[in-house]
Structures are given as structure tokens and as C-alpha cells.
Amino acid sequence: FRQIKYKRTPNLQVRARTRIRNKQTMTKRETKPATQHDIQTTYGLKQFARAWVDYGTNSFNVEILDETVAEEEEAIYAFVVDDQTIRIGSSLKPLKKRFRSWAKDVTQRFQCADDTKRMRTPMKEANSWKRHLPDGKVATIYGRKGTQISTPVGAKFSSYLSEESYLIRKHQPCLNPSKYR
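Here the structure is a predicted model, which means the values were calculated and not measured.

Caption draft 1: Region of interest: the overall build of the protein chain. Check the secondary structure of the protein chain and you find 6 helices and 7 strands. Helices (α) and strands (β) of the protein chain occur, in sequence order from the N terminus, as α-α-β-β-α-β-β-α-α-β-β-β-α. Residues classed as buried in the protein chain amount to 35% of the 181 residues present. Partitioning the intrachain contacts of the protein chain with sequence separation of at least 6 by distance along the chain shows that 59% fall at a separation of at least 24. For the protein chain, the accessible area works out to roughly 12400 Å², and carbon and sulfur atoms hold 51% of it.

Next comes the structure, spelled out in C-alpha cells:
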């Protein structure tokens, strides 16, 4: 039988090394945490709640300060501690419901010592909240309704998910699990 000669394939390792080298030499866009001033002026978010960890009862607490913002649906929010944004997110349902269930879920994780038990809040996230909110420290929560977009055919929709993704990519808060939504 006859041996068939194949064309030589390009060396993929050399291409990969070149790609990595090119990425390393590219200038990296500087990201910086959003400050309280950025959130209020640039992004139009309003303070509507505050959150803290109560170490006596081992619970995560959220207190709503402004009901009008808390009733907003399709909204974005940001947690700020010591003038640093630590978490950015969005909610399809009213913010008040979102934070009520969040407080309940994080509290359940605090009170469950078994980290193998499957819960809505991972143990790693619960520990991060305790690290960022030591005893006596309070997080300020800002929020607003997502921007409404009108299309030429008359359809309207909220861009809250796109706004959330943009802010997470831009500021990369430490408590967001990924730099993408």
C-alpha cells in the first residue's frame, strides 16, 4: 500500500505565542472603581437603601430609605462602601423585592455552617460580604430605573441589562463574580 503525504499544518503554538505577546504589549484600558460621586452624578443613581451585617444575630440586613426608587422595576443598583463600588447589579422585579430576598438568602448562608449544602448564596459570597462589611460598617445602595429606549417602529424596552453589563466591565467591582454579566 502507498503512503500518502499530507500538507504540513501551520504551527499553532507559534501563532498562540504571537497572539499572547501581542496582547501583552497592547495598552490595557485602565479601570477604576466607581466612586460615590460617579454614581450620583454621572450615572444618575439615587441613594435608596443601606445594608449591613449584624454580627449579634448573624444576619444580613437591608433598610429601604426611599420607597419611590425601591418600587422601580427593570432597574440597576450599586453597593458603595467607603466611597468604593463593591457590587453592581440589576433587577427585573422591584428593587424592594430583590433586596428583601437577597437579605434572606445571605442570612440563611451565614447561619448554615455546612458549606456543602446547596443554597442561593454561595459560601464564598457570604464570606466576602462579611469581609467588606465588618462590624459597624454600612453599605449605601444606589439605584434607578433602566433607561427606556424607543425604536422607530414604536416598540419600547428598557436597557437596564446593557447598562449593568457596561458598568461591571468599566469598574469591575470586587463582589461581582465576573467582569461580564
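Caption draft 2: Structural detail: the nonpolar core. Core analysis: the biggest nonpolar cluster contains 24 residues, and Phe48, Phe60, Phe79, Phe99, Trp129 and Ile141 have the highest contact counts within it. Element by element, the count of residues in this core is highest for helix H4 (residues 95–111), at 6 residues. Beyond its immediate stretch of four places on either side in the chain, Phe48 contacts Glu63, Ile64, Leu65, Asp66, Val69, Ala70, Leu95, Phe99, Ile141, Tyr142 and Gly143. The next biggest cluster of nonpolar side chains, apart from the first, holds 11 residues, and it includes Ile39, Val80, Ile88 and Tyr142.

Caption draft 3: Examining H4 more closely. Between its terminal C-alpha atoms H4 stretches 24 Å, which fits the 24 Å expected from 17 residues at 1.5 Å a residue. All buried positions along H4 are accounted for by Leu95, Phe99, Trp102, Ala103, Asp105, Val106, Thr107, Arg109 and Phe110.

Caption draft 4: Looking closely at the packing of aromatic side chains. If you walk through the whole model with that rule in mind, you get 10 aromatic pairs. The ring of Phe110 carries the charged tip of Lys130 above its face, separated from the ring centre by 4.7 Å.

Caption draft 5: The arrangement of the sheet that holds strand E4 (residues 84–91) in detail. What the 5 strands build is an open sheet, ordered E2-E1-E5-E3-E4; its pairing is antiparallel. Each having just a single partner strand, strand E2 (59–64) and E4 make up the two edges of the open sheet. Each neighbouring strand pair of the sheet contributes to a mean axis angle of 25°, computed without reference to strand direction. In terms of strand pairing, strand E3 (residues 75–81) meets strand E5 (residues 139–145) through 6 bridges, oriented antiparallel. Its bridge partner lying in E5, Ala75 is registered against Lys145. Contacts from helix H6 (residues 160–171) reach E3, E4 and E5, with the element oriented near 160° to E4.

Caption draft 6: The arrangement of the confidence of the model for the protein chain in detail. Mean pLDDT for the protein chain: 82, with 80% of residues reaching 70 or above. Within the model, the stretch residues 16–29 combines pLDDT values under 50 with 2 contacts to residues more than four positions away or in other chains.

What counts and what doesn't
- Residues numbered from 1 in each chain as written.
- Predicted model: local features only at pLDDT ≥ 70, side-chain atom pairs only at ≥ 80, totals over all residues.
- Heavy atoms only, no water.
- Helix = DSSP H or I, 4+ residues; strand = E, 2+ residues; numbered from the N terminus.
- Buried < 20%, exposed > 50% of the residue type's maximum accessible area, 1.4 Å probe, protein only.
- Contact = heavy atoms within 4.5 Å.
- Areas by Shrake-Rupley, 256 points an atom, 1.4 Å probe, with all protein chains shown as cover.
- Core = buried A, V, L, I, M, F, W, Y, C linked by side-chain atoms within 4.5 Å.
- Expected span 1.5 Å × (residues − 1).
- Phe/Tyr/Trp six-rings, centres within 6.5 Å; stacked < 30°, edge-to-face > 60°.
- Lys NZ or Arg CZ within 6 Å of the ring centre and 35° of its normal.
- Pairing = 2+ DSSP bridges.
- Axes fitted to C-alpha atoms, helices over the stretch in contact; angles between N-to-C directions.
- pLDDT = per-residue confidence, 0-100.

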